[in-house]
Amino acid sequence: QVQLMDSGGGLVQPGGSLKLSCKATRNIFSFVAMGWYRQAPGKERELVANWRSGGSPNYVDSVKGRFTLSRDRSQNTMYLQMNSLKLEDTAVYYCNAVSRPCIECREMDSWGEGTLVTVSS
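In this text, all values refer to a predicted model and were calculated from it rather than measured experimentally.

Caption draft 1: Focus on the side chain of Asp89. Topologically, Asp89 is positioned in the loop between strand 8 (77–82) and strand 9 (91–99). In this structure Asp89 comes out as buried when scored by relative accessible area, which is 0%. When sequence neighbours within four positions are dropped, the list of residues in contact with Asp89 reads Arg38, Val63, Arg66, Phe67, Ser84, Val117 and Val119.

Caption draft 2: Layout of the nonpolar core. Within the largest apolar cluster, 28 residues are counted, with the highest numbers of intra-cluster contacts made by Leu4, Met34, Trp36, Leu80, Met82 and Tyr93. Contributing elements (two or more residues each) for this core: strand 3 (18–24), strand 4 (33–39), strand 5 (46–52), strand 7 (67–72), strand 8, strand 9 and strand 11 (115–119). Discounting residues that sit within four places of it in the chain, Tyr93 has contacts with Asp6, Leu20, Trp36, Tyr37, Arg38, Val48, Phe67, Leu80, Met82, Gly114, Thr115 and Val117.

Caption draft 3: The arrangement of the state of the cysteines in detail. What the rule picks out here adds up to two disulfides. The partner cysteine of Cys22 in its disulfide is Cys95, sulfur to sulfur 1.9 Å. Of note, the bridge from Cys22 to Cys95 carries an S-S torsion of about -75° and is left-handed in sense. Taken as a pair, Cys22 in strand 3 and Cys95 in strand 9 lie far apart in primary sequence, 73 residues in all. The pair formed by Cys22 and Cys95 is uniform in burial state, with each residue classed as buried. Covalently, Cys102 is tied to Cys105 through a disulfide, its sulfur atoms 2.2 Å apart. Classification of the bridge connecting Cys102 and Cys105 rests on its S-S torsion, roughly 85°, and on that basis the disulfide is right-handed. Assessed through its relative accessible area of 28%, Cys102 is described here as partly exposed. Looking at the protein, its bonded cysteines, counted consecutively from the start of the sequence, adopt the pairing 1-2, 3-4.

Calculation criteria
Residues numbered from 1 in each chain as written. Predicted model: local features only at pLDDT ≥ 70, side-chain atom pairs only at ≥ 80, totals over all residues. Heavy atoms only, no water. Helix = DSSP H or I, 4+ residues; strand = E, 2+ residues; numbered from the N terminus. Buried < 20%, exposed > 50% of the residue type's maximum accessible area, 1.4 Å probe, protein only. Contact = heavy atoms within 4.5 Å. Core = buried A, V, L, I, M, F, W, Y, C linked by side-chain atoms within 4.5 Å. Disulfide = S-S within 2.5 Å.

Note that all results are geometric; they support no functional claim without further evidence.
Here it is in structure tokens:
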């Protein structure tokens, strides 16, 4: 059973930086995909950044050039470095991982509890 523990959110001023962490209970490179979603109040959850096996990281247009995904295999941890934060980045950020136990199995989603990022003057 996969468990994800996300952390690193907080209150920052516009232009500030935060680094989110997501620690998994197993080898993160075993996942079909892994990344971050966010959900602002009253809005749908949206994909912020992710990678899929064999591919390069993907970023939503609004964060390109400001957010960066990274991974530490030995720590089973994925990071999201967020720079030049804007008011519109305020949301609960959720770590996500997609796994597939076998080729014939359905893909399964795992989620962190969410960590709140608040950008405010």
